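Letter by letter, the chains look like this.
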Amino acid sequence: MAFTLRTIITLVLISCAAVVNIAAAHEHYCDSTNLVAVTDTGKVDSGSWIKQLVASGFHINSPSIHYPKFPRFIVKVYNWGDKLFNSYDSTYVVGTGKNWKVMSKSYNWMESYMMLFSAKSSDMLHIRSDIFYDLGAYVSFMAVSVGYTSKVNSWFGDAGNDRKNLNFNFTCSRLYANFDYTSTKGNARITHFGEYNKGRSFSHKFDDIKHKSLTGEFYYFFNNKKYSQAAAYCYSKYQLKSAGSWILGFAFNSQRIDMDFSSLPMEMQQFLPSLASDYRFHYTDYGILGGYGHNWVLSPRKWLVNFTILPSMGYRHSYSDSTEGRKSMVSTNIRARFAVVYNYRALFASLNGRFDAHLYFNSKYAFFNSTEALSLIVGARF
């Protein structure tokens, strides 16, 4: 679900309608056909501004809408905020002119885990989850989306239901904020386990792994007049000319990962590159995030390609229940994403990917975990 300032203002306008009607109810009188209200200006007001707002397609600045005093004040505040936080150079970015979207989305993702005990490849442990397939349908008004997502793995009897996803994001021309919660259990495979199988890759089902993460980022676009992230990922703008922007902000990341190898066959356990049979990584990062995003326009209003990379560095707090115990560390993480968008009149299609990686290291080993996602989205604006 995503929110913009315009969305919030529109919802406030609809909500305050009840307040306006209740206040007017004390001055009602009846004629032979209608029940109307007398406003404080002495003019007759049927409360039809709500119908006018709906009829205009929620274009809140339409001259056909006759607002009472308080809703008119809300619109003025919105227009001020919209100009300050969501304005563009129209030679580079323009709106689509549509408030509604319907979309279908195929979301495919997986998790990877790697432990390195030395520079030798034989001292490596690698685990990857199965690929999770989600299929959803959404209806959006401006930037608020409502929809349903189904776990396709469960259609075929896979145990892919042991996972949860929750996402919230906010975007405007200057700012972007995103929060993700993910929880998975099992549904993984060991593909490299020290010298087992003579150091070659293999595949062994591994369900004794749990992963919970809460991540978020908040950042600012320096070239916000010419570069639009919404054109690449929200489909609410058109990027007319190629442009990029440096990005700076704040990121946090909380991870809890449990891996228990004690249930593996003995012929595998003897090749575990460390004496420990279970590991727990439980920590929270706070870091400065910076990077760069660029939109390449291949054909104005039709083809758009985006690539964004966002490394971060800061402070990491490891909790006492971690394998390494309570300690303070340096955090290093990286986020990257891409999008290829095609627009044809009211229709649009997009292929986009995301890569979130986190590095944990100490004197004994380095641990690297990541989430990789690939989505196909098709939809229409109206």
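Predicted, not measured: the structure shown is a model, and the values here were computed from it.

## Topic: the overall build of the chain
Reasoning step 1: Of regular secondary structure, the chain possesses 5 helices and 21 strands.
Reasoning step 2: Going through the 382 residues of the chain one by one, you find that 45% of them count as buried.

## Examining the nonpolar core
Nonpolar side chains tend toward joint burial in soluble globular proteins.
Reasoning step 1: Counting 24 residues, the largest nonpolar core has Met-115, Ile-127, Ile-190, Phe-193, Met-259, Phe-261 and Phe-281 as the members making the most contacts within it.
Reasoning step 2: Within the residue set of this core, elements represented by two or more residues are strand S6 (100-116), strand S7 (124-129), strand S12 (188-193), strand S16 (243-260) and strand S17 (278-299).
Reasoning step 3: Of all hydrophobic cores here, the second largest spans 11 residues; its members include Ala-231, Ala-232, Leu-304 and Phe-348.

## Looking at the packing of aromatic side chains
Reasoning step 1: Across all of its chains, the model carries 26 aromatic pairs by this definition.
Reasoning step 2: Between Tyr-219 and Phe-221, the aromatic rings sit 5.6 Å apart at their centres with planes inclined by 90°, giving edge-to-face as the arrangement.
Reasoning step 3: In this structure an aromatic cluster arises from ring pairing among Tyr-113, Phe-117, Phe-193, Phe-206, Phe-261, Tyr-279, Phe-281, Tyr-283, Tyr-360, Tyr-365 and Phe-367.
Reasoning step 4: In this arrangement the basic side chain of Lys-241 is found over the ring face of Tyr-92, its NZ or CZ atom lying 5.6 Å from the centre.

## So, unusual backbone geometry
Reasoning step 1: The phi dihedral of Lys-198 is positive, around 60°, even though this residue is not glycine.
Reasoning step 2: When you line up the elements, Lys-198 lands in the loop between S12 and strand S13 (204-206).
Reasoning step 3: Judged by its relative accessible area of 69%, Lys-198 is exposed.
Reasoning step 4: Even without a glycine there, the phi angle at Arg-301 is positive, about 70°.
Reasoning step 5: Relative to the helices and strands, Arg-301 resides in the loop between S17 and strand S18 (303-318).

## Comments concerning a positive patch on the surface
Reasoning step 1: On the surface, a cluster of positive charge is made up of Lys-164, Lys-185, Lys-210 and Lys-212.
Reasoning step 2: Residue position: Lys-210 is located in strand S14 (residues 209-221).

## A closer look at the pattern of salt bridges
Reasoning step 1: If you walk through the whole model with that rule in mind, you get 12 salt bridges.
Reasoning step 2: Between Asp-207 and Lys-205 there is a salt bridge, and its shortest N-O distance comes to 3.8 Å.
Reasoning step 3: A single salt-bridge network, built from bridges that share partners, covers Asp-180, Glu-217, Arg-335, Arg-354 and Asp-356.

## Re the side chain of Asn-352
Reasoning step 1: Structurally, the position occupied by Asn-352 is in strand S20 (residues 347-361).
Reasoning step 2: A distance of 3.5 Å separates a polar atom in the side chain of Asn-352 from a polar atom in the side chain of Tyr-235.
Reasoning step 3: The contact partners of Asn-352, leaving out residues within four places of it in the chain, are Tyr-233, Tyr-235, Phe-338, Ala-339, Ala-373, Leu-374, Ser-375 and Ile-377.

## Quick look at the environment of Trp-246
Reasoning step 1: Structurally, Trp-246 is set in strand S16.
Reasoning step 2: Residue classification places Trp-246 among the exposed positions, given a relative accessible area of 59%.
Reasoning step 3: In the structure, Trp-246 is positioned 46 residues away from Tyr-292 in sequence and 4.5 Å away in space, judged by C-alpha atoms.
Reasoning step 4: Setting aside residues no more than four positions away along its own chain, Trp-246 makes contact with Tyr-220, Phe-221, Phe-222, Gly-291 and Tyr-292.

Conventions used here
Residues numbered from 1 in each chain as written. Predicted model: local features only at pLDDT ≥ 70, side-chain atom pairs only at ≥ 80, totals over all residues. Heavy atoms only, no water. Helix = DSSP H or I, 4+ residues; strand = E, 2+ residues; numbered from the N terminus. Buried < 20%, exposed > 50% of the residue type's maximum accessible area, 1.4 Å probe, protein only. Core = buried A, V, L, I, M, F, W, Y, C linked by side-chain atoms within 4.5 Å. Phe/Tyr/Trp six-rings, centres within 6.5 Å; stacked < 30°, edge-to-face > 60°. Lys NZ or Arg CZ within 6 Å of the ring centre and 35° of its normal. Patch = residues over 30% accessible without salt bridge, like charges linked within 9 Å, V, L, I, M, F, W, Y side chains within 5 Å. Areas by Shrake-Rupley, 256 points an atom, 1.4 Å probe, with all protein chains shown as cover. Salt bridge = Lys/Arg side-chain N within 4 Å of Asp/Glu carboxyl O. Lys, Arg positive; Asp, Glu negative; His and termini not counted. Charge placed at Lys NZ, Arg CZ, Asp CG, Glu CD. Polar contact = N/O pair within 3.5 Å; in protein donor to acceptor, adjacent residues only side chain to side chain. Contact = heavy atoms within 4.5 Å.

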